[in-house]
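For reference, the chains in residue letters:
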Amino acid sequence: MENVLNLPPNLPQLLRQGQADAREMATLLEIGQTLADARQLRPALGRALELLGRTQGVTRAFIMLHDADTDELHVEAGFNLDDETARRAVYRVGEGVVGRVAETCKPVVVPQASREPSMLQRVAGRERAAGRQEVSFVCVPLAVGRSAVGVLGVDVPYAEARDFEQLTKFVSVVASMVAQALKVERLVESERARLADENAHLKQELRERFDFGHIVGSSNPMRHVYEQVEQVARTNTTVLLRGESGTGKEMVAHAIHYNSLRAGKPFVKVSCAALPETLIEAELFGHERGAFTGAMARKKGRFELADGGTLFLDEIGELNASTQIKLLRAIQEREFERLGGTETIKVNVRLVAATNKELEHAIQAGEFREDLYYRLNVFNIFMPPLRERKPDVLLLADHFLEKYAREHGKHIKRISTPAIDMLTSYHWPGNVRELENVVERAVVVCDSSVIHGHHLPPSLQTAEGSGTVTRLSLSAAVEAYERDIIQDALKSARGSRKKAAKLLDTTERIIGYKVKKYGIDCERFR
């Protein structure tokens, strides 16, 4: 009969090939989805190999990964592979067909496995090892860059007419998908390990930074503070820190947390004075979606975020009355509700509060609840003002000098004696915070290796600031500067007039005259 439709004579073969291509594409799609959706890669590799068996007629398959430490290949996942075989199947790089593929990063096809001498049969099943079933073996590298991180090997029933080129291409595509998944997993693991190391390093840095030994001060009032912190740190007791602004209450709160049993948990701080009254409650206890205008989603409060750790409430004396009531319940019952919510949330939080207000006066004025005061005032630590810590002024100044000289890239070695006298005679209404700002400013304006009195701000050089200078004429200014550099030279020379004269390029007699004129005690520099 005449071929009216002009159909090609090999149409059945083309149809079969098209169906095979469609099956391959479907298999690749399913393997890609399996690898992409996997939370753990190893089970996903096993499922991918099962797909090859179910859809492509693969009788056995395995994935072996290279161990860089031992330079060996070990089975990571297998299909139709018993556990005992998987355990004993170990290849050195370059050993057998599998090792050669890993070494050269090139695929190898063995049409008849039983006739290939280099087939070591370590991953062969019992029936293949016994020679009861002839199979073809295809092994391709799992290439990342130009090197192989492992191999993918498959057994298929031997067929003389099998298109091994097409089979190798298909298995190579699967191998590239597996290699990409391995690369991503290793990158994720590397990043996770880096973040874990960084997190551990930062936590250790915080512990060291807020260790008792890093709080500067050796005066008697500070020693008493150290004793109190050491007593209370490893308990769960509520602590109330009191003292003027700038005395270091937040640093002590950090020290309490990082020396407590909760050191590995969050340290959450809230400045009650910095938040408006309308937001402080939502900030502390969180809110539900739609609780107020602008509340587009549920938000956890600071109490929830600090669960298991420490919540530091700075300037607690500024809380409004309604928030004080809710805070009292949260401290008493260890539970609260979010703003606009009905669900009761239980938390385990250690509370550290701080204030610069006289809470007793606030109670009398009706500005602070008496019952909340007694809940907070379990363990009271008073932070002394800097004017009561005169021996610590020089220690703190040297600490800040080193800190800001490093930060601003300056080589400033010390503070001159007259500048030290100005620092110690000042009454420091802003406490440690003001001293830190003064030293930073001095570092910024200093153009030599020593900070002198003229580098300090005017507030320390006036009668209003320090009470040490009444009226400064030109001659008095020259004398003050002369006294400054002579004292500085004597300090460098350990009180030796001869060495000081040499440093200032003058004679010992002139130095002696100036020392007598200005009443400088050389012995204090020895």
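Given the structure is predicted, the values throughout are model-derived calculations rather than measurements.

(A) Examining the sheet that holds strand β1 (residues 60-67) more closely. Across the sheet, six strands lie side by side as β3-β2-β1-β6-β5-β4; this open sheet has antiparallel pairing. Of all strands in the sheet, those bounded by a partner on one side alone are β3 (90-92) and β4 (108-110). Strand-to-strand twist across the sheet, computed as the mean angle between neighbouring axes with direction ignored, equals 25 degrees. Where β4 lies against strand β5 (residues 135-144), three bridges are found, and the strand directions are antiparallel. When the sheet's bridge partners are listed, V110 is paired in β5 with F137. Against the sheet, helix α2 (residues 41-56) contacts β1, β2 (72-79) and β6 (147-157), and its axis sits at roughly 60 degrees relative to β2. Running at roughly 25 degrees to β5, helix α4 (residues 96-104) makes contact with β1, β2, β3, β4, β5 and β6 of the sheet.

(B) The packing of helix α9 (residues 277-285) against helix α11 (residues 321-333), seen in detail. Where α9 meets α11, the closest approach of the two axes is 10 Å, and the angle between their N-to-C directions is 15 degrees. By the angle class used here, α9 and α11 are roughly parallel. Between α9 and α11 the crossing geometry is left-handed. Along the contact surface, α9 presents I280, E281, L284 and F285, while α11 presents S322, T323, K326, L327 and A330. Its residues placed into classes, the contact of α9 with α11 shows five nonpolar, two polar and two charged.

(C) Representation of the side chain of T168. Turning to its location among the elements, T168 is positioned in helix α6 (residues 164-209). The class for T168 is buried, based on a relative accessible area of 12%.

(D) Structural context of the packing of helix α17 (residues 474-492) against helix α19 (residues 508-518). Two numbers describe how α17 lies on α19: the axes approach to 11 Å, and their chain directions differ by 115 degrees. The way α17 lies across α19 gives a crossing that is left-handed. From α17, E479, E482, R483, I486 and L490 reach across to α19, where they touch K514, V515, K517 and Y518. When its residues are assigned to classes, the contact of α17 with α19 shows four nonpolar, no polar and five charged.

(E) Looking closely at the environment of S114. Residue position: S114 is located in the loop between β4 and α5 (126-129). By relative accessible area, S114 is classed as exposed at 51%. Put simply, S114 and V135 are 21 residues apart on the chain and 7.8 Å apart in space, counted from C-alpha to C-alpha. There is a polar contact of 2.4 Å between the side chain of S114 and the side chain of E134.

(F) Structural detail: the sheet that holds strand β13 (residues 379-382). In space, the five strands of this open sheet follow the order β8-β9-β12-β7-β13, with parallel pairing throughout. Where the open sheet ends on each side, the last strands, each with one partner, are β8 (267-271) and β13. When the angles between neighbouring strand axes are averaged without regard to direction, this sheet yields 20 degrees. Two elements, strand β7 (residues 239-242) and β13, share four bridges in a ladder whose sense is parallel. Note on β13: the bridge partner recorded for R242 is F382. Docked against the sheet, helix α7 (residues 220-232) engages β7, β12 (350-355) and β13, running at close to 155 degrees with respect to β13.

(G) Looking closely at the nonpolar core. Of all hydrophobic cores here, the largest spans 33 residues; its most connected members are L142 and L152. Broken down by element, the residue count for this core peaks at ten residues, all from α6. One finds F285, A330, F336 and A362 within the second-largest nonpolar core, a separate group that totals 29 residues.

(H) Geometry of the packing of aromatic side chains. This model, assessed by the stated rule, comprises eight aromatic pairs. A centroid spacing of 5.2 Å and a plane angle of 65 degrees characterise the contact between Y373 and Y374, whose relative ring orientation is edge-to-face. Y374 gets classed as exposed once you look at its relative accessible area, which sits at 54%. Between Y426 and W428, the aromatic rings sit 4.6 Å apart at their centres with planes inclined by 90 degrees, giving edge-to-face as the arrangement. You can call W428 buried: its relative accessible area is 0%. Each residue in the set Y258, F267 and F312 is aromatic and connected to the rest through ring pairs, giving one cluster.

(I) Just the pattern of salt bridges, in detail. Per the stated rule, a full pass over the model turns up 27 salt bridges. Its salt-bridge partner being E95, residue R92 comes within 3.7 Å of it at the nearest N-O pair. Put simply, R389 and D392 hold a salt bridge, and the shortest N to O gap is 2.9 Å. Taken individually, R389 and D392 each receive the classification buried, so the pair is uniform in this respect. What you see here is one network of salt bridges that share partners, running through E288, R298, E304 and R338.

Conventions and cut-offs
Residues numbered from 1 in each chain as written. Predicted model: local features only at pLDDT ≥ 70, side-chain atom pairs only at ≥ 80, totals over all residues. Heavy atoms only, no water. Pairing = 2+ DSSP bridges. Helix = DSSP H or I, 4+ residues; strand = E, 2+ residues; numbered from the N terminus. Axes fitted to C-alpha atoms, helices over the stretch in contact; angles between N-to-C directions. Contact = heavy atoms within 4.5 Å. Parallel < 35°, antiparallel > 145°, perpendicular 65-115°, else oblique. Left-handed = near helix turned anticlockwise from the far one by under 90°. Nonpolar A, V, L, I, M, F, W, Y, C, P; charged D, E, K, R; others polar. Buried < 20%, exposed > 50% of the residue type's maximum accessible area, 1.4 Å probe, protein only. Polar contact = N/O pair within 3.5 Å; in protein donor to acceptor, adjacent residues only side chain to side chain. Core = buried A, V, L, I, M, F, W, Y, C linked by side-chain atoms within 4.5 Å. Phe/Tyr/Trp six-rings, centres within 6.5 Å; stacked < 30°, edge-to-face > 60°. Salt bridge = Lys/Arg side-chain N within 4 Å of Asp/Glu carboxyl O.

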